[in-house]
Amino acid sequence: MLQEIDANVFTQMIRAGAVKLNSHVEEVNALNVFPVPDGDTGTNMNLTLTSGVREMEKKAASSSHVGTLAQALSKGLLMGARGNSGVILSQLFRGFGKAAADHETLTARSFAEALKRGVETAYKAVIKPVEGTVLTVSREAADKGVLRSRQTEDITVVMEAVLTEARTALEKTPELLPVLAKADVVDAGGHGLVLIYEGFLAALTGEEISYTPKNETKKPAQQLETLGEIAHRRSAQSRFDPAAIEHGYCTEFIVQLSERGGKTFEEERFRSEIGRYGDSLLVVADDDLVKVHIHAEHPGETLNYAQKYGSLTRIKIENMREQHSAILENAPADPSPAEVDPKEEPAEKKPYGIVTVAVGDGLTDIFGSLGVDVVIQGGQTMNPSTEEILQAIDGIGADHVIVLPNNKNIIMTAEQVVDLVEVPVTVLPTRTIPQGLSALLSFNPEETPESNRERMMESASSVQSGEVTYAVRDSQYEGGQIQEGDFLGIREGEIQTVGGSLMATSRGLLAKMLEDGADVTTVLYGRDVTDAQVKELTDFLKRNYPEVECEVHYGGQPLYYFIFSVE
Amino acid sequence: MAKVQVITDSTADIPKDLVEKLGITLVPLKVHLEGQSYLDGVTIEPQEFYRKLAESEEMPTTSQPSPVDFVEAYREAAKDGETDIISIHLSSSFSGTYQSALLAQSMVEDEFKVTVIDSKTASYAIGMIVVEVAKAAQAGHSLDECVAVANRMIEEEQVYFLVDTLEYLQKGGRIGKASAMVGSLLNIKPILSIDREGVIFPIDKVRGKNKANTRIIELLKQNTVSDRSYRAGILYTDNREEAEKWAERLQENIPSLEETVFAEIGPVIGSHVGPGTVAVVLAPVQE
């Protein structure tokens, strides 16, 4: 009988959970309610968990403390979270990590309590919790686990109870969420969680599972290097003018807080005290690790100061005056791919920065022309992670940053970033590209954030959004059957027209959107559309709706042939 | 009691018949296009100017009247020895015209009295002020009363304008707070107004002309009260038809509209807003 989860068992459970999920990604993706090429739940959860495992692995060699590993896992999940299901998963393990923090090993009881704590954290993180989702599955499973842990000390038995209850709850999700019943699927996020729990149990029962992530699409973001990049982007001036370099050494290191250091460490005080040694300061504190980036004239003093709090690792000191010419040569080659327009940063902080999410070169240009600082490449099919949004915000160096997610599946990730950055951030819950574009028109840099939020959301809600894509599998909708490959006309997230002809489906959708008349219709055409098709649609609009002003732009987005904005 | 003579500059864009009827004195600014200099409204008329502008590859430039131009106008008006002069001009934030008039005033202050007023606005938004002041002067009101009319008009007037492109405002350096909107790939129609400091600012941004028109009407209605009657000015460039449509819209939406004046935007203001511009000025009728 297994009565204790030690560091070894814990890492094996997490690894096994990740492997199990990883090998069933497509299965989870297929549970999408709409058969559209959309932000896929399985992919999102998998990338999120992969990021968590990566952080955990960094600690696994040096730590035999379950709490420490769980915290590392939590941190990695948080930074890697993408999509709503990814965000919820990260919150489940954040609560788990907090509950486990002081435990070197876990008993059946403390394990179940930690699961329960995760559920509470996740519910709190979601503004309007919806039952019939991964939340319900996690809650019922954890409740069962807690109950069982009062009867037995056998961790395997408790885990079995958790898994069985998770499966039962999953089967019931269509009863709670009509949209699932209509599409004849169970909740995708819930299914993902069941897979992770299956992995946990397999690890406990000794089933053979090897950890070979294959679905990784993103390189691990090296925290420390990221810090440096952000800091250097902020101080663009010193890069271009060697005479302006006041503090000559770029100094980066990590403080591994000692027991005493951990007790006396206060982030604010640390920041202000170490800040006296130089500029371009960035400090990221995470439990017992403090990552520091500073430009100092006397790096030794900085290290002496930091060493009071614990041991130093990954120390990197570079002479920036010497490096200067080399940096100049390299600089143009390394702009972040997310940047629209890598214009030079003004020395003065600007009052507002705007970050948005879109995919397609045309859309990126349009957003850029409306004053957006960073267009994160992503959207329907690729939801950006917390970390990507965080980096975009940090890189701007504005007093206040407005984030327009333009997708229902990115809103939560964006909202999660609010607590992780020092800059005040306003997330406007725009759900579509047209909403994002429309919101930007009402942005006024001279207004307060509150007033901008109100004006921009009002503007976003005044526009109708439509999009034309294709079905990735057979399905049905209220009007009848959908065959794989059919074209789908979607308005405000609802399928309106279905057909075998792209143009007929597009015209049908436009006709519905224009039923009640409009002032302006904007057509944003994707990269898979021909000029002739664009012309055909434009002629259709001019002929049938002569009183409506029509504007056509190249969006360059994949998978979505047309995006329509009617206002 | 001394009579009051009203002097303004050519950027007030007052229709010629009103200028004559009310005996207003105009001091012209100058406009330069393709190496030629013209006196605004004297040696070049608006429609001729817009025709030349359409054919020109260059952007036009403009220049203010010299202090001497004003001194001459002031001396001419004051020669009977019993006239007070009120001199109302283009917003000092757009042009040195007001500054030039102030200098002229100081050059003649030992001889007679000139009151120089910064209208904080442009085109027929100045014109409407000047016309009301001239009517008061013609009715025999004193200088102080005329100044009070001017100040009330400046206070109560509202002006909205739509430019076809922000290019002219930008190149001429008069874009004010609307600069953020230059370069947008979407067809954004900024609804521009002039603030109390006489600086252009975008009051709203909308997509397309239909919405812009609807929004201007909304703004006008928001800022009118039912127990007062109003007079309107419709300002246009090379687009008289658009102005006629605006007159209809105003008739439909502002029930207490007493009078509508069509004013052609002259070459100097036209140089800065560009062809295709249309604007609406509205002010309550003074009790």
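As annotated in an unreviewed UniProt entry, chain B carries the name EDD domain protein and comes from Paludifilum halophilum.

Participant: Any chance you could explain the overall build of chain A here in plain terms?
Facilitator: Along chain A, the regular secondary structure elements total 23 helices and 16 strands. Looking at chain A residue by residue over its 567 residues, the buried ones come to 56%. Taking the intrachain contacts of chain A between residues at least 6 apart in sequence as the baseline, contacts between residues at least 24 apart amount to 73%. Carbon and sulfur atoms form 48% of the exposed surface of chain A, whose accessible area is close to 24000 Å².

Participant: How should I be thinking about the overall build of chain B in this particular structure?
Facilitator: Looking only at helices and strands, chain B features ten helices and 13 strands. In summary, chain B has a C-alpha radius of gyration of 18 Å against a globular reference of 19 Å for 287 residues, a match within 12%. If you line up chain B on its principal axes, its C-alpha atoms span 60 × 50 × 30 Å. Within chain B, the proportion of its 287 residues that are buried is 56%. Excluding contacts between residues fewer than 6 apart, the proportion of contacts in chain B whose partners are at least 24 apart in sequence is 74%. Of the roughly 12300 Å² of accessible surface on chain B, a fraction of 47% belongs to carbon and sulfur atoms.

Participant: What exactly am I supposed to notice about the pairing of strand β1 (residues 249-257) of chain A here?
Facilitator: Residue and element names in this part refer to chain A. Taken across its nine residues, β1 has seven buried, putting it largely inside the fold. Here β1 runs beside strand β4 (residues 310-319); their pairing, made up of eight bridges, is antiparallel. Following the sheet pairing, Y249 is matched in β4 by N319. Sheet topology note: the β1/strand β3 (residues 289-296) ladder contains eight bridges and is antiparallel.

Participant: Explain the domain arrangement of chain B here, please?
Facilitator: The extent of an interface is frequently quoted as the accessible surface area lost upon association of the parts. Residue and element names in this part refer to chain B. Along its sequence, chain B is carved into domain 1 (3-155) and domain 2 (158-284). Facing 35 residues of domain 1, the contacting portion of domain 2 comprises 34 residues. Between R196 and E155 there is a salt bridge, and its shortest N-O distance comes to 3.5 Å. Taken together, the elements giving at least two residues each to the side of domain 1 that touches domain 2 come down to β3 (30-33), α2 (46-55), α5 (124-138) and α6 (143-156). In the side of domain 1 that touches domain 2, the residues fall into 18 nonpolar, nine polar and eight charged.

Participant: How should helix α21 (residues 449-461) of chain A be read in this particular structure?
Facilitator: Helical geometry: 3.6 residues make up each α-helical turn, so side chains three or four residues apart lie on a common side. All names here are of chain A. Taking 1.5 Å per residue, 13 residues should reach 18 Å; α21 reaches 18 Å between its end C-alpha atoms and fits that length. All buried positions along α21 are accounted for by S451, N452, M456, S459 and A460. The buried residues of α21 occupy an angular sector of 160° when the element is viewed end-on, so they sit on one face. Of the exposed residues in α21, those oriented more than 90 degrees away from the buried face are E450, E454, E458 and S461.

Participant: Explain the confidence of the model for chain A to me, please; I cannot follow it from the model alone.
Facilitator: Interpretation of the predicted coordinates at a detailed level should be avoided for regions scoring low in pLDDT. Scored by pLDDT, chain A has a mean of 85; 88% of the residues are at 70 or more. With pLDDT under 50 throughout, residues 325-346 of chain A is counted as low confidence; its partners more than four residues away or in other chains account for 22 contacts.

Participant: Explain the environment of D118 of chain B to me, please; I cannot follow it from the model alone.
Facilitator: Residues and elements named next belong to chain B. Relative to the helices and strands, D118 is located in strand β7 (residues 114-118). Of the residues examined, D118 reaches a relative accessible area of 12% and is grouped as buried. In the structure, D118 is positioned 84 residues away from E34 in sequence and 31 Å away in space, judged by C-alpha atoms. In terms of polar contacts, D118 uses its side chain to reach the side chain of S92, at 2.6 Å. A polar atom in the side chain of D118 sits 2.9 Å from the backbone nitrogen of K120.

Participant: Explanation requested: the pattern of salt bridges in the structure shown.
Facilitator: Pairing is possible between side chains of opposite charge, provided their charged atoms come close. Enumeration according to the criterion identifies 34 salt bridges over all chains in this entry. The salt bridge involving E536 of chain A is made with R507 of chain A; its shortest N-O contact spans 3.0 Å. Highlighted residues: E536 of chain A in helix α23 (residues 531-544) and R507 of chain A in helix α22 (residues 502-513), separated in sequence by 29 residues. The partly exposed category is assigned to E536 of chain A, whose relative accessible area is 38%. Using a relative accessible area of 28% as the deciding quantity, one classes R507 of chain A as partly exposed. Overlapping salt bridges, with partners in common, bring together E551 and E567 of chain A together with R207 and K211 of chain B in one network.

Participant: In this structure, what is going on with the sheet that holds strand β12 (residues 487-491) of chain A? I would like to understand it.
Facilitator: Where strands meet in a sheet, backbone hydrogen bonds hold them as pairs that are either parallel or antiparallel. All names here are of chain A. Here six strands make up an open sheet; going across it, the order is β13-β12-β9-β16-β14-β15 and the pairing mixed. Bordering the open sheet on either side are β13 (494-499) and β15 (549-554), each of which pairs with just one other strand. Across this sheet, the average inter-strand angle for adjacent strands is 20°, counted without regard to direction. Those strands touched by helix α17 (residues 361-369) are β14 (520-525), β15 and β16 (562-566), and its axis lies near 115° from that of β15.

Participant: Which parts of the structure should I look at to understand the pairing of β14 of chain A?
Facilitator: As a general feature of sheets, a regular strand has side chains that alternate between the two faces. All names here are of chain A. Most of β14 is tucked away: six of the six residues are buried. On β14, burial covers both faces: V520, T522 and L524 on one face and T521, V523 and Y525 on the other are all buried. With six bridges joining them, β14 and β15 adopt parallel strand pairing. By the bridge assignment for β15, T522 is matched with E551. This β-α-β element, β14 to α23 to β15, shows right-handed connectivity.

Participant: Just to check I follow, could you spell out empty space enclosed by the protein for this structure?
Facilitator: To find leftover empty space, a probe the size of one water molecule is rolled over the atoms. Taken as a whole and assessed by the stated rule, the structure comprises four cavities of 30 Å³ or more. Residue lining of the largest cavity: L162, V163, D164, K189, K209, N239, E242, G276 and V278 of chain B, and that is the complete set. Of the voids in this model, the second largest cavity is the one considered here, and its volume is about 60 Å³. Taken together, L92, F93, F96, A114, L115, V119, L193 and Y197 of chain A form the lining of the second largest cavity. Going through the elements one at a time, α5 (83-100), α6 (108-125) and α10 (188-205) of chain A are the ones with two or more residues in the lining of the second largest cavity.

Participant: What should I look at first to understand the sheet that holds strand β2 (residues 25-27) of chain B in this one?
Facilitator: Residue and element names in this part refer to chain B. Strands sit in the order β2-β1-β6-β7 across an open sheet of four strands; the sheet is parallel. A single partner strand is all that each edge strand has here, and the edge strands are β2 and β7. Taking each pair of neighbouring strands and ignoring which way they run, the sheet shows an average axis angle of 25°. Pairing of strand β1 (residues 3-9) with β2 involves three bridges; the strand directions are parallel. Looking at β2, one finds that D9 is bridged to V27. In this fold helix α3 (residues 67-78) packs onto β1, β2, β6 (83-89) and β7, with an angle of close to 145° to the strand it touches most, β6.

Participant: Hey, could you run me through the confidence of the model for chain B in this one?
Facilitator: Across chain B, the average pLDDT comes to 92, with 98% of residues at or above 70. Overall fold confidence (pTM) sits at 0.72, and the ipTM for the predicted complex is 0.74.

Participant: Where do I start with the packing of aromatic side chains in this structure?
Facilitator: Between two aromatic rings, the relevant description is the distance of the centres plus the angle of the planes. Counted by the stated rule, this structure contains 19 aromatic pairs over all chains. Relative to F200 of chain A, the ring of F93 of chain A lies with its centre 6.4 Å away and its plane at 80°, an arrangement referred to as edge-to-face. Residue F93 of chain A is located in helix α5, and its partner F200 of chain A is located in helix α10; the two are separated by 107 residues in the primary sequence. Grouping residues by exposure puts F93 of chain A and F200 of chain A together as buried. Judged by centre distance (6.5 Å) and plane angle (55°), the ring pair of Y470 of chain A and Y561 of chain A falls under tilted. Here the residue Y470 of chain A occupies a position in strand β9 (residues 464-470), and Y561 of chain A occupies one in the loop between β15 and β16, the gap between them amounting to 91 residues. Taken together through their ring pairs, the aromatic side chains of F10, F93, F96, F111, Y197 and F200 of chain A make up a single cluster. Above the face of the F262 of chain B ring, R240 of chain B is positioned so that its terminal group lies 4.2 Å from the ring centre.

Participant: What should I look at first to understand a negative patch on the surface in this one?
Facilitator: Residues and elements named next belong to chain B. Taken together, the side chains of E34, E55, E57 and E58 define an acidic patch exposed on the protein surface. With respect to the helices and strands, E58 occurs in the loop between α2 and β5 (61-63). According to the relative accessible area criterion, E58 is partly exposed, its value standing at 44%.

Thresholds applied
Just so you know, the residues in each chain are numbered from 1, in the order the chain's sequence is written. Throughout, the order in which chains and ligands are written sets their labels, letters from A for the former and numbers from 1 for the latter. Reporting in this predicted model follows two pLDDT cut-offs: at least 70 for local features of residues, and 80 or more for side-chain atom pairs to be given and counted; totals over whole chains, interfaces and linings ignore these cut-offs and use all residues. By convention in this description, side-chain values take in all heavy atoms of the structure and omit both hydrogens and water. Put simply, DSSP H or I for four residues or longer makes a helix, DSSP E for two residues or longer makes a strand, and each gets a number counted from the N terminus. The buried label goes to any residue with under 20% of its type's maximum accessible area, the exposed label to any with over 50%, and the partly exposed label to all in between, with areas taken from a 1.4 Å probe on protein chains only. Only heavy atoms enter the contact rule, under which two residues are in contact if any of them lie within 4.5 Å. Computed with the Shrake-Rupley method and a 1.4 Å probe, the accessible areas treat only the protein chains shown as cover for residues. The globule rule used for comparison is 2.2 Å times the number of residues to the exponent 0.38, while the radius of gyration itself is calculated over C-alpha atoms. The pairing criterion is simple: DSSP has to find at least two bridges between the two strands. For the purposes of this description, domain bounds are those given by an automatic or database domain assignment. Salt bridges are counted wherever a side-chain nitrogen of Lys or Arg sits within 4 Å of a carboxyl oxygen of Asp or Glu. Residue type decides the class: Asp, Glu, Lys and Arg count as charged, Ala, Val, Leu, Ile, Met, Phe, Trp, Tyr, Cys and Pro as nonpolar, and the leftover types, Gly among them, as polar. A helix's residues, less one, multiplied by 1.5 Å, set its expected span. This arc is taken over the directions from the axis of the helix to the C-beta atoms. How sure the predictor is of each residue is captured by pLDDT, a score from 0 to 100. What qualifies as a polar contact is a pair of N or O atoms within 3.5 Å, subject to a donor-acceptor requirement within protein and to the restriction that residues adjacent in sequence count only when both atoms come from side chains. Convention adopted: a line fitted to C-alpha atoms gives each axis, helices being fitted over their contacting stretch, and angles between N-to-C directions are expressed from 0 to 180 degrees. Crossovers are marked right-handed if the path from the first strand over the helix to the second runs clockwise, as seen with the strands pointing away from the viewer. Think of a 1 Å grid over the protein atoms and nothing else: a 1.4 Å probe that fits but is trapped marks a cavity, an open set flanked by protein within 12 Å on at least five of seven lines marks a pocket, and residues with an atom within 4 Å of a point count as lining. Grid points are joined across faces, edges and corners, and a volume is the space filled by probe spheres set on the points. The pairing test for Phe, Tyr and Trp rings, Trp by its six-membered ring, is centres within 6.5 Å, and the orientation test on the planes gives stacked under 30 degrees, edge-to-face over 60, and tilted for anything in between. The criterion for a charge sitting over a ring is simple: Lys NZ or Arg CZ within 6 Å of the ring centre, and within 35 degrees of the ring normal. What makes a patch is a set of residues exposed beyond 30% relative accessible area and free of salt bridges, joined within 9 Å when like-charged and within 5 Å when nonpolar (Val, Leu, Ile, Met, Phe, Trp, Tyr). Positive charges come from Lys and Arg alone, negative charges from Asp and Glu alone, with His and the N- and C-terminal ends not counted. Working definition for charges: the position is that of NZ of Lys, CZ of Arg, CG of Asp or CD of Glu.

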